[in-house]
Amino acid sequence: MPGLSSPQRLAPVGVDGRPVLFASLMNALILQAASLWRSSRCAIALTGAGISVPSGIPDFRSPKGLWSRFNPDLVASSWALDHDPRAVWEFLLDALRLFSAASPNPAHQALVRLEKAGLLEAIITQNIDGLHEQAGSGRVVEFHGNCRKFYCNGCRRAYPADRAARLKPEDLPWLCDHCGRVIRPDLVFFGEAIPSRAMSEAQRLTARADLVVIIGTSGDVAPANAIPEHVKQGGGRVLEINLGPTSYGDLADVRLDLPAEECLPALVEVLEQS
Ligand SMILES: [Zn+2]
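Fair warning: this is a prediction, and the values are worked out from it, not measured in the lab. (Residues numbered from 1 in each chain as written. Predicted model: local features only at pLDDT ≥ 70, side-chain atom pairs only at ≥ 80, totals over all residues.)

> Give me the confidence of the model for the chain: which residues, what numbers.
Taken over all residues, the pLDDT of the chain has a mean of 91, while the share at 70 or more is 92%. Throughout residues 1-15 the model reports pLDDT below 50, and contacts reaching past four residues in sequence, or to other chains, amount to 23 contacts. (pLDDT = per-residue confidence, 0-100. Contact = placed C-beta atoms within 7 Å.)

Shown next as structure tokens:
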């Protein structure tokens, strides 16, 4: 692989104006990550809120996130669906507007390229924003569901997503035409179980994977946070791409404390050259 012995080769990628030392460090870490990736046979990605922040969706739990304005127990729980559908829909309308204004960023697009190159088996995401699918990723396990499908929480009748997109504050709460119960998106509310299909697919992937790439998730939300540990226990390895300290501690074999939207495209570039 000509040229890769020189980390400076990647210096222009997303590091314009930064000190040379930073660029060299970033490039050295990316080469380490690429080496780890190349030696794997089945890589999976585990993504969370951090990958969508550059798309304009603040982490729900961050100071600018939705949980700074809404109490999740009162608007996104199984209790709220039964007792306060208006509060649920006031929150959902805000969330849906946020998601519809967002587009996939270079980190989402890099994962699409990796899958197409046969270097990524699947993505397990905790995000409900649909950006992996919008970017064009083929195999995405949406661990917490999505906001593309809607159904009645009582009679389970399906409702089209374009009706949700047209809802105005005066239409709230959105109730079933047939039984009057609240209509909900196909996502996992607090107090509800992970859908069995997503859980079993994630378990199958976790059992097969020999590399898990953690991207933009600090490892605080169970049960998805246990996936990297399971891969590691099975003899696999862990690549972590996260900003700042996380609950994964020193679990990762290689850790990139760098913005995913910068280092993932750079990593793809190295891997595509191999
Ligand atoms: Zn109904």
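Now, onward.
> Let's hear about the domain arrangement of the chain: which residues, and what values?
In terms of domain boundaries, the chain breaks down into domain 1 (1-56 + 104-144 + 194-274) and domain 2 (58-101 + 147-187). The C-alpha centroid of domain 2 is placed 30 Å from the C-alpha centroid of domain 1. Of the residues lining the interface, eight residues belong to domain 1; the matching set on domain 2 comes to eight residues. Partitioned by chemical class, the residues of the side of domain 1 that touches domain 2 number three nonpolar, four polar and one charged. (Domains from an automatic or database assignment. Nonpolar A, V, L, I, M, F, W, Y, C, P; charged D, E, K, R; others polar.)

> Report on the sheet that holds strand β6 (residues 183-187), specifying residues and quantitative values.
Spatial ordering of the open sheet is given by β5-β4-β6, a layout of three strands whose pairing is antiparallel. Taken across any chain shown, the strands that pair with only one partner, and hence form the sheet edges, are β5 (158-159) and β6. Pairing geometry for strand β4 (residues 145-152) and β6, over four bridges, is antiparallel. Opposite Y151, over in β6, you have R184 as the bridge partner. (Pairing = 2+ DSSP bridges. Helix = DSSP H or I, 4+ residues; strand = E, 2+ residues; numbered from the N terminus.)

> So what's going on with the environment of H108? Residues and values would help.
As for its position among the elements, H108 is in helix α5 (residues 106-116). Sequence-distant contacts of H108, defined by excluding residues within four places in its chain, comprise I51, L131, H132 and A135.

> Run through helix α8 (residues 196-208), naming residues and quoting values.
Over its 13 residues, α8 extends 18 Å from the first C-alpha to the last, a length consistent with the 18 Å expected when each residue adds 1.5 Å. Taken together, the buried positions of α8 are A202, L205 and T206. Viewed end-on, α8 has its buried residues packed into an arc of 100°, placing them on one side of the element. The exposed residues of α8 that point more than 90 degrees off its buried face are S196, R197, S200, R204 and A207. Against the buried residues of α8 lie β1 (43-47), β2 (122-125), β3 (140-142) and α9 (227-233). (Expected span 1.5 Å × (residues − 1). Buried ≥ 20, exposed ≤ 12 C-beta atoms within 10 Å, placed from the backbone. Arc of directions from axis to C-beta.)

> Account for the sheet that holds β3, with residues named and values stated.
The strands making up a sheet are joined through hydrogen bonds of the backbone, oriented either antiparallel or parallel. Strands sit in the order β3-β2-β1-β7-β8-β9 across an open sheet of six strands; the sheet is parallel. In this open sheet, the two edge strands, each paired with only one partner strand, are β3 and β9 (254-256). Between one strand and the next, the sheet's axes are offset by a mean angle of 15°, whatever the strand orientation. The strands that α8 touches are β1, β2 and β3; relative to β3, the one it contacts most, it runs at about 135°. (Axes fitted to C-alpha atoms, helices over the stretch in contact; angles between N-to-C directions.)

> Any details on the nonpolar core? Residues and values, ideally.
Ranked by internal contacts, the top residues of the largest apolar core, which has 48 residues, are I124, V212, I241, C263 and L267. Take this core: its biggest share by element is eight residues, from helix α10 (residues 260-273). In contact with I124, other than residues within four places in its own chain, are I44, L46, V141, F143, A202, L205, A224 and I227. In this structure, V75, W89, I128 and V182 belong to the second largest nonpolar core, which totals 21 residues. (Core = buried A, V, L, I, M, F, W, Y, C linked by C-beta atoms within 7 Å.)

> Would you mind going over unusual backbone geometry in detail, with residue names and values included?
In this chain, L172 is followed by P173 through a cis amide linkage whose omega measures -10°. Mapped onto the elements, P173 comes out in the loop between α7 (161-165) and β6. Here A222 and P223 are connected by a cis peptide whose omega angle stands at 0°. Turning to its location among the elements, P223 is positioned in the loop between β7 (211-215) and α9. For R156, which is not glycine, the phi torsion reads 70° and is therefore positive. If you trace the backbone, R156 turns up in the loop between β4 and β5.

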